[in-house]
Structures are given as structure tokens and as C-alpha cells.
Amino acid sequence: MEIYDDVFSPVYFLMMCAVIVIHYDAKKTGRLREALAVTFGAYLVAYSIYSTWHLLQPAPQWVEDVLAVTGLFFAIVIAVIAQMKGIYNGVVVRGAVMLAILSIPYVAISPYWNVSGHVAYTTAPALFLVWLDRKWWPVMVVPLVMLVNRPVVDAHTVAESVGGFVLAVVAFLTSIWLFEFYVDDRG
């Protein structure tokens, strides 16, 4: 079960989900190559920031969480700029806002409670994909297995795993609620 954490690490799972969302979004703009290039660049920036964790050893776990979220926020800024330039059509930024809504309480809680980022950051993008197009429902297996897996590999308690799941669901629902006051740009 420990290999599951590596294969479906949020760092890679988020990128996989982003590519799917970008393909969906860029079909409307006709700028798929640019969108993928911008996304790859944003991913490199985010991953570079996150990777500095290894230079700071030994450090508490929450430092890694803060670096991961800092990298994610830089990627979100790049996505917003790309949408302003017409590379994205709105769905990508909508997903980015959902991740920002998730990240703020996650970083605030992390120094005090080891809530599972693996569960939270696989659940939120999976929910977003299913919301975008129900044909993606099988991807929900990843966070559900992660929810069970984290306590099994002794990385988190059951409460910390469930906490990550609940945090992601609340962030997802909050983002949906927030955007329903504006235009529904899925179709």
C-alpha cells in the first residue's frame, strides 16, 4: 500500500487532473498547445518551490505543507494571468480557486493538526473532474483508497484522513456555491 502513496501522490495527481481540465477548457479557446505549455511551466514553478523542502531538513511536516501550498499559489497566479490572456476559458481558474479555498484552511490547520494532504489534494480535484463531466466518476477511487491507505501505512490517524476528506469536500462545495452566483462556464 505504500507504493500507492507515491503513484497517486497529490503532486502528480493534481497535474494529471489539471491536464484533463485544461484539455476540456482549451477546446473552447482553440489554444491547447499554449495552455499545456503554460500549465507545464506553472507546474515546474510549483514543484521547484515544493522541492526546497528537502533542503530544509530536518523541519516539521507542516513546513513541507506550506511549501507545497506556496508553490500551488504561484501556479494559480499563472493560471489567472493565462485566463486574462485568453489561453484558458474559465474552467481552469475555477478549479484553481477551489484549490485556493482548500489550501487556506489546510495551511492554517497543518501546524496544529496533521490533517492528510494526500487525501485532501486527491479528493478535491477528483470531485472537480466529476462535477465537470460525470464520465470521470471512476477517478473517485483514488481519494477513497487514499482515505483508507493513509492510516494503514501509519502516515495518519483515521481522524486525520477523514479530516482531509471533509476539508476537500467543503472546499469543493464552497467553490461551487461561490461560482453559482456568476456564470456557469462548463458548457
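Residues numbered from 1 in each chain as written. Predicted model: local features only at pLDDT ≥ 70, side-chain atom pairs only at ≥ 80, totals over all residues. Heavy atoms only, no water.

J.: Is there a simple way to explain the packing of aromatic side chains in this structure?
T.: Aromatic ring pairs: the centre-centre distance and the angle between the two ring planes describe each pair. Under the criterion given, the structure shown has 4 aromatic pairs. Seen in terms of ring centroids, Tyr106 and Tyr121 are 5.3 Å apart; in terms of plane orientation they differ by 80°. Their pairing is edge-to-face. You can see Tyr106 sitting in helix α5 (residues 91-109) and its partner Tyr121 sitting in helix α6 (residues 117-132), a full 15 residues away along the chain. Overall, the relative accessible area of 4% leaves Tyr106 in the buried class. Of the aromatic side chains, those joined through ring pairs into one cluster are Tyr43, Tyr47 and Tyr50. (Phe/Tyr/Trp six-rings, centres within 6.5 Å; stacked < 30°, edge-to-face > 60°. Helix = DSSP H or I, 4+ residues; strand = E, 2+ residues; numbered from the N terminus. Buried < 20%, exposed > 50% of the residue type's maximum accessible area, 1.4 Å probe, protein only.)

J.: Which parts of the structure should I look at to understand unusual backbone geometry?
T.: Residues other than glycine predominantly adopt negative phi, and peptide bonds predominantly adopt the trans conformation. Residue Pro58 follows Gln57 across a cis peptide bond; omega there is -5°. For Pro58, the location among the structural elements is in the loop between α3 (32-51) and α4 (61-84). With phi around 65°, Asp154 is a residue other than glycine that occupies positive phi space. One can find Asp154 in the loop between α7 (141-152) and α8 (158-179).

J.: What exactly am I supposed to notice about the layout of surface pockets here?
T.: To find leftover empty space, a probe the size of one water molecule is rolled over the atoms. Quantified by volume, the largest pocket comes out at close to 1100 Å³. Around the largest pocket, the lining is made up of 48 residues, and of these Pro10, Val11, Leu14, Leu72 and Tyr121 lie nearest the centre. Mapped onto the lining of the largest pocket, the elements with two or more residues apiece are α2 (10-29), α3, α4, α5 and α6. The greatest single-element share of the lining of the largest pocket, amounting to 11 residues, is contributed by α4. Looking at the lining of the largest pocket, its residues break down into 34 nonpolar, 11 polar and 3 charged. (1 Å grid on protein atoms, 1.4 Å probe; cavity = no way out; pocket = protein on both sides within 12 Å on 5 of 7 lines; lining within 4 Å. Points joined across faces, edges and corners; volume = space filled by probe spheres on them. Nonpolar A, V, L, I, M, F, W, Y, C, P; charged D, E, K, R; others polar.)

J.: Would you mind showing me how to read the packing of α3 against α4 here?
T.: To characterise two packed helices, one gives the angle between the axes of the helices and the distance between these axes. For the pair α3 and α4, interaxial distance at closest approach is 8 Å and the crossing angle is 160°. Taken as axis vectors, α3 and α4 run roughly antiparallel relative to one another. Where α3 crosses over α4, the handedness of that crossing is right-handed. Between α3 and α4, the contacting residues are Val38, Ala42, Val45, Ala46, Ile49 and Tyr50 on the first element and Glu64, Leu67, Ala68, Thr70, Gly71, Leu72, Phe74, Ala75, Ile78 and Ala82 on the second. Of the residues in the contact of α3 with α4, the class split is 13 nonpolar, 2 polar and 1 charged. (Axes fitted to C-alpha atoms, helices over the stretch in contact; angles between N-to-C directions. Parallel < 35°, antiparallel > 145°, perpendicular 65-115°, else oblique. Left-handed = near helix turned anticlockwise from the far one by under 90°. Contact = heavy atoms within 4.5 Å.)

J.: In this structure, what is going on with the nonpolar core? I would like to understand it.
T.: One finds Val21, Tyr88, Leu99, Leu102 and Tyr121 to be the most contacted residues of the largest nonpolar core, which totals 45 residues. Elements with a minimum of two residues in this core: α2, α4, α5, α6, α7 and α8. Among the elements that take part in this core, α6 stands out by supplying 10 residues, more than any other. Not counting residues within four places of it along the chain, the set of residues in contact with Tyr121 comprises Pro10, Phe13, Leu14, Val69, Leu72, Leu99, Leu102, Ser103 and Tyr106. (Core = buried A, V, L, I, M, F, W, Y, C linked by side-chain atoms within 4.5 Å.)

J.: Where do I start with α5 in this structure?
T.: Side chains three or four residues apart in an α-helix point the same way, a direct result of the helix having 3.6 residues per turn. Spanning 19 residues, α5 covers 28 Å between terminal C-alpha atoms, matching the ideal 27 Å at 1.5 Å per step. Of all the residues in α5, the buried ones are Val91, Val92, Val93, Arg94, Gly95, Ala96, Met98, Leu99, Ala100, Leu102, Ser103 and Tyr106. Contact partners of the buried residues in α5: α2, α4, α6 and α8. (Expected span 1.5 Å × (residues − 1).)

These results come straight from atomic positions and should not be treated as a statement about function.
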